Amino acid sequence: MEDMIALCKAMDGIGNTMQKKAAELERMAEVLVTGEQLRLRLHEGKVVKDRRHHLRTYPNCFVAKELIDWLLEHKEASDRDTAIRIMQKLLDQSIIHHVCDEHKEFKDMKLFYRFRKDDGTFPLDNEAKVFMRGQRIYEKLMMNTETSILATREEEGETFERTLVASELVDWLLAEGEMATREEAEHLGRRLLEHGIMQHVTNKQHFVDGGLLYQFRLNFRRRRRLMELLNERCRTIPESHDSPFCLRKQNPEGGNTSFLSVSPTKEMKMIVGIRRSSMSSSCGSSGYYSSSPTLSSSPPVLCNPKSVLKRQVSPEELQTPGGPYIKKTFTIVGDAVGWGFVVRGSKPCHIQAVDPSGPAAAAGMKVCQFVVSVNGLNVLSLDYRTVSNLILTGPRTVVMEVMEEADY
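A short tour of the structure in this document, coming up. (Residues numbered from 1 in each chain as written. Predicted model: local features only at pLDDT ≥ 70, side-chain atom pairs only at ≥ 80, totals over all residues. Heavy atoms only, no water.)

## Here's the deal with the packing of helix α5 (residues 126-143) against helix α7 (residues 182-194)
Here α5 crosses α7 at 100 degrees, and the two axes come no closer than 10 Å. It follows from the interaxial angle that α5 and α7 lie roughly perpendicular. Where α5 abuts α7, its residues Asn126, Glu127, Val130, Arg133, Gly134 and Ile137 lie against Leu188, Arg191 and Leu192. Of the residues in the contact of α5 with α7, the class split is four nonpolar, two polar and three charged. (Axes fitted to C-alpha atoms, helices over the stretch in contact; angles between N-to-C directions. Helix = DSSP H or I, 4+ residues; strand = E, 2+ residues; numbered from the N terminus. Parallel < 35°, antiparallel > 145°, perpendicular 65-115°, else oblique. Contact = heavy atoms within 4.5 Å. Nonpolar A, V, L, I, M, F, W, Y, C, P; charged D, E, K, R; others polar.)

This is how it looks when you write it as structure tokens:
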């Protein structure tokens, strides 16, 4: 009996160690994604460029003082001290460095810093390689929507969205040339799970080449806020993987999960996520998985924020001559992490949420608008998944016609 108790305690210790390690690795992955998104945004905004100092050219660098100004202008930091703390976090994690490696601290001065990915000095240790492999697999699966092995499936009487059958993932890895043998592919699956990139749907199993279901925990496309870097606690709610149009989370602690649905006029509507254990198939809903940040036994649940619409409108009603709806056209240029809005509903779709700092908000898009066309194609009879796919697989610049209720 005493031996059994000792064995149980030993197993609990091993489990706690695994959970702690997985949480640390997941946190590292979030820092890497956030840093890469910032790098792309700064390149796009010409903040990163070749600069000269004392007759010498320093390629692909930025000025610390100018970057802090940029962070404040784009509301990524509330003050200069906070901006310094954010960039220091990236420096400590070897995402950025001083061009001559003479400063180990990020200083609000006219000093040159550079992203290590831009000069080839990023340390590719085993952990980073697993993360980069996981990101590549994620993007390939998300982009190849027609033949994707991601699907809604059931396990243990519960329905889970965007799942992978382990054996099918192994087959796919072999077919795509990602791995050479089934044993290697299974080992990769276990590494992705241990790094918090994937999870068993109920968090009860490790990765095994068989019929069990798994999901991605990380949404690599979600627009990260730099302030998240200062939150030492791991996130408790993985994001929706429908598209890069994602909601911003509010108050991750607590029983319910809140999301912001924000229009450019700074109008805010709190949408409380209702916890469910299975997927809702009703129109106008959107799925958000909630699970423990560690490899615990608690199952993920699906949170469906309530539709922002007061009532559903038919395509005929929208197009009635003299009706209460007016048409608007937006040209939205996607940035490094997407377009910044969420489409939901069906026949017609509507704008469920708008990221106040994203391209859609800048173009004038608001919640509750109905989507009429995407790049000249009428979409009034389509559902939100089809419309999202049209945008994802189309050009970076999206021209959208919407209908909104007129203000009389």
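## Considering the side chain of glutamine 369
Structurally, glutamine 369 can be placed in the loop between α9 (359-363) and β17 (370-374). Given a relative accessible area of 1%, glutamine 369 falls into the buried group. (Buried < 20%, exposed > 50% of the residue type's maximum accessible area, 1.4 Å probe, protein only.)

## Looking at the sheet that holds strand β2 (residues 56-63)
Pairing is antiparallel across the open sheet formed by four strands, whose spatial order is β1-β2-β4-β3. Bordering the open sheet on either side are β1 (49-53) and β3 (96-98), each of which pairs with just one other strand. On average, adjacent strands in this sheet sit at an angle of 55 degrees to one another, irrespective of strand direction. Sheet topology note: the β3/strand β4 (residues 112-115) ladder contains three bridges and is antiparallel. Considered in β4, the bridge of histidine 97 is made with arginine 114. Packing of helix α2 (residues 64-73) onto the sheet brings it into contact with β1, β2 and β4, and relative to β2 it is tilted by some 25 degrees. (Pairing = 2+ DSSP bridges.)

## A closer look at unusual backbone geometry
Residue lysine 347 is joined to proline 348 through a cis peptide bond whose omega torsion reads 5 degrees. Look at lysine 46: it is not a glycine, yet its phi comes out positive at around 60 degrees. Counting through the fold element by element, lysine 46 comes out in the loop between α1 (2-44) and β1. Lysine 46 gets classed as exposed once you look at its relative accessible area, which sits at 62%.

## Here we look at the pattern of salt bridges
Applying the stated criterion across every chain yields a total of 23 salt bridges. Here arginine 224 ties to glutamate 30 by a salt bridge, and the two come within 2.9 Å at their closest N and O atoms. Taken as a pair, arginine 224 in the loop between β8 (213-216) and β9 (248-250) and glutamate 30 in helix α1 lie far apart in primary sequence, 194 residues in all. Neither residue differs from the other here; arginine 224 and glutamate 30 are each classed as buried. The partner of glutamate 66 in a salt bridge is arginine 51, with the nearest N and O atoms 3.4 Å apart. Remark: arginine 51 occurs in strand β1 and glutamate 66 occurs in helix α2; sequence separation between them is 15 residues. Judged by relative accessible area, which is 40%, glutamate 66 ranks as partly exposed. (Salt bridge = Lys/Arg side-chain N within 4 Å of Asp/Glu carboxyl O.)

## Observations concerning the sheet that holds strand β6 (residues 158-165)
Here we have four strands laid out as an open sheet, ordered β5-β6-β8-β7, and antiparallel in their pairing. Single-partner strands in this sheet number two, and they are β5 (151-155) and β7 (198-200). With direction set aside, neighbouring strand axes in the sheet form an average angle of 55 degrees. Along the sheet, helix α6 (residues 166-175) makes contact with β5, β6, β7 and β8, crossing β6 at roughly 25 degrees.

## With respect to the environment of phenylalanine 160
Locating phenylalanine 160 in the fold gives a position in strand β6. Its relative accessible area of 1% is what places phenylalanine 160 among the buried residues. A sequence separation of 42 residues divides phenylalanine 160 from threonine 202, and the C-alpha atoms of the two residues are 9.6 Å apart.

## Here's the deal with the pairing of β2
Both β1 and β2 contribute to a ladder of four bridges, which runs antiparallel. Along β2, the bridge assignment pairs lysine 49 with cysteine 61. Here β1 folds back onto β2 in antiparallel fashion, the turn holding two residues, of which histidine 54 has a positive phi close to 55 degrees. Across two bridges, β2 lies against β4 in antiparallel orientation. Residue pairing in the sheet places valine 63 in a bridge with phenylalanine 112 of β4.

That's the geometry; what it means functionally is another story.
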